[in-house]
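Here is what each chain is made of, one letter per residue.
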Amino acid sequence: MKRTLLRVAFGLLLSLPTLAQQHSEQNHDKYVWPKDEQVKQKLNNWQDIKFGLLMHWGTYSQWGVVESWSLCPEDEGWCERKGPYSANWYDYKKAYENLQTTFNPTKFNPERWANAAKQAGMKYMIFTTKHHDGFCMFDTKQTDYKITDKKSPFSSNPRSNVTKEVLGAFRQQGFMVGTYFSKPDWHTEHYWWPYFPPKDRNVSYDPKKYPENWKKFSDFTYNQIEELMTGYGKVDILWLDGGWVRPASTIDSTVSWQRTIPYSQDINMARIAGMARQHQPGLLVVDRTVSGEFENYVTPEQQIPDHYMPIPWETCMTMGASWSYIPKENFKSARKLIQTLVDVVAKNGNLLLNVAPGPDGEWHEEAYQRLQEIGKWITVNGESVYGTKPLAPYRQGQWAFTANGPSSYASYFAGESEKQLPATVSLPMPNASPKAKVTVLGSSQSLKTVKTKDGLTITVPDKLRQQLPNQPVWVFKITS
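Within each chain, residues carry numbers counting from 1 in the order of the written sequence. Local features in this predicted model are restricted to residues whose pLDDT is 70 or higher, and side-chain atom pairs enter the listing and the counts only when it is 80 or higher, whereas totals over whole chains, interfaces and linings include all residues. Excluded from the side-chain calculations are hydrogens and water; all other atoms, namely the structure's heavy atoms, are used.

A.B. asks: Would you mind going over the packing of aromatic side chains in detail, with residue names and values included?
C.D. replies: Within 6.5 Å between ring centres, the rings of Phe, Tyr and Trp (the latter by its six-membered ring) count as paired, and their orientation is classed by plane angle as stacked under 30 degrees, edge-to-face over 60, tilted in between. A complete count under the given rule lists 41 aromatic pairs for this structure. Summarising the aromatic geometry, the rings of Trp186 and Trp192 are spaced 5.0 Å apart at their centres and angled 5° between planes, so their arrangement reads as stacked. Judged by centre distance (6.4 Å) and plane angle (20°), the ring pair of Trp399 and Phe401 falls under stacked. Throughout this description, buried means an accessible area under 20% of the type-specific maximum (1.4 Å probe, protein chains only), exposed means over 50%, and partly exposed covers the range between. Assessed through its relative accessible area of 6%, Trp399 is described here as buried. Exposure remark for Phe401: the relative accessible area of 0% places this residue in the buried category. Here a set of aromatic residues connected by ring pairs shows up, and it is made of Trp57, Phe103, Phe108, Trp113, Phe135, Tyr145, Phe154, Trp363 and Tyr368. For Arg271, the ring lying beneath its charged end belongs to Tyr222, and the centroid distance is 3.8 Å. Note that Arg395 overlies the ring of Phe413, its terminal NZ or CZ placed 4.3 Å from the centroid. Comment: the charge-over-ring label is applied if NZ (Lys) or CZ (Arg) is within 6 Å of the ring centre and within 35 degrees of the ring normal.

If you want it as structure tokens, here you go:
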């Protein structure tokens, strides 16, 4: 009974939406274009598919707290400990790691996730195989802190190797699949060495002073990534998080969280990437925030750049307020999510939208509803998204612009109270031909246009306005 009460108490806690590691847009000059032809091809394919799913899932879902960060002994809002064990860090860490013995997501059904994501128009998926807390959602041989260990009740389930099941279910639906992997590991003694208690998110000892320890950690990391690259079928993306694990030469002192990195934490990315691509030719490697040859695309987090970026990039964003499961989530509206996707694509990016499974292995039903609503819009308007290239002026006022071959698309963002298209709209495309054919996606009716110095004035008949009501974005197709 006591354990049940504690679990309920933790389940009522909300995780903080505050960013634990800021990943904002970066200097384009630091981006290194890949030279490997297979990587270039996969990167081109990835840029064409535009829309993906990210899932943060681990034992922390049982408490409904922010993923991993409550273990971190930093005085930051997102690291705050709450609940019955919070007064003492050592007690809290022990209780947190003991969640392994109660984590039993018996409603785990990755096929339902994959079907919902496919219907929403998502085309790639990244899954958290291991977050900073070190708990492995795959059958690693490097540690017993994993869902398949006998201490975990779910280990007796035939689908206990969760990562394998998730990747397989999404691959079956034609998705590109990727493995999220945290470079730091706060469970292994070779990162947070018990001899020195951790002071912050970083390694608890100086790797230069204790090279044997760091070698063991580097090999541990290499071996786990090799397991993921060899035992889980085709993998398209290796998505690495925890950017404070980086060589000192890459630290950018103008970024606040990088300024506090005390040691060089070089895990030899050339060795890791070389091994990974040997097993998975063409693999995209995303060493987040570590600019250079191992960051094939950049990943602004919870934000959208305010302008077009000429390099490959992806906004990773939560569907609700939290990366991890919380009992009562505040989901963004379908209108907000669709407008976000269109905004990102017009600026040359992809959108990776996070949904967090709960302790039972299911999503909130509201998450499925949001994906259904997005899917309805995508079914009609997807041609303005997939395979397109951004078109100048990219974003202007309520407009976003893309193109694919002879067709250009001008997406009109509905205002808060705008339930119908205006009877006339001014399309800011100065180069549009006066002879261009203009339609609204969802209808084949050609619209009357008048050429102006700023573009085209388009007349939208009342009947058409009534046929396509309550859209978050209306898309005009312009064919010369």
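Once the structure has been displayed, the description carries forward.
A.B. asks: Requested: an account of the side chain of Glu67, with residues and values cited.
C.D. replies: Each helix is a run of H or I in the DSSP string that is no shorter than four residues. Each strand is a run of E no shorter than two, and both are numbered from the N terminus. Structurally, Glu67 is set in the loop between β1 (51-55) and α3 (89-97). Under this rule, positive means Lys or Arg and negative means Asp or Glu; His and the chain ends count for nothing. Basic side-chain nitrogens of Lys or Arg form a salt bridge, by our definition, when they fall within 4 Å of a carboxyl oxygen of Asp or Glu. Lacking a salt bridge, the buried Glu67 has Arg288 as its closest oppositely charged neighbour, with an N-O distance of 9.1 Å. Side-chain atoms alone can form a polar contact between residues adjacent in sequence; in general such a contact is a pair of N or O atoms within 3.5 Å, and within protein one must be able to donate a hydrogen while the other accepts it. Among the polar contacts made by the side chain of Glu67, one reaches the side chain of Ser324 at a distance of 3.0 Å. Residues within four places of Glu67 in sequence aside, it is in contact with His56, Tyr60, His131, Trp323 and Ser324. Whether two residues are in contact is decided by their heavy atoms, any of which lying within 4.5 Å being enough.

A.B. asks: Talk me through the pattern of salt bridges; I want residue IDs and the actual numbers.
C.D. replies: Per the stated rule, a full pass over the model turns up 29 salt bridges. When the shortest N-O distance is used, the salt bridge between Glu111 and Arg159 registers 2.8 Å. Residue Glu111 is found in helix α4 (residues 110-120), and its partner Arg159 is found in the loop between β2 (124-130) and α5 (162-172); the two are separated by 48 residues along the sequence. Asp219 serves as the salt-bridge partner of Lys215, at 2.7 Å between the closest nitrogen and oxygen. Taken together, the residues Lys215 and Asp219, both in helix α6 (residues 211-230) and four residues apart, mark about one turn of the helix. Where salt bridges share partners, they join Lys42, Lys234 and Asp236 into one cluster.

A.B. asks: Give me the sheet that holds strand β5 (residues 284-287): which residues, what numbers.
C.D. replies: Spatial strand order, β5-β4-β3-β2-β1-β7-β6: seven strands in an open sheet with parallel pairing. Lying at the two open borders of the sheet, with one neighbouring strand each, are β5 and β6 (313-318). Each adjacent strand pair in this sheet contributes to an overall mean axis angle of 20°, direction not counted. The criterion for strand pairing is that DSSP finds at least two bridges linking the strands in question. As paired elements, β6 and strand β7 (residues 349-354) share six bridges and run parallel to each other. Looking across to β7, one finds that Met317 is bridged to Leu353. Working convention: axes come from line fits to C-alpha atoms, limited for helices to the stretch in contact. Angles between N-to-C directions cover 0 to 180 degrees. Against the sheet, α6 touches β2, β3 (176-182) and β4 (237-241), its axis set at about 165° to β3. Contacts between helix α9 (residues 334-346) and the sheet are confined to β1, β6 and β7, with β7 contributing the most and set at about 150° to the helix.

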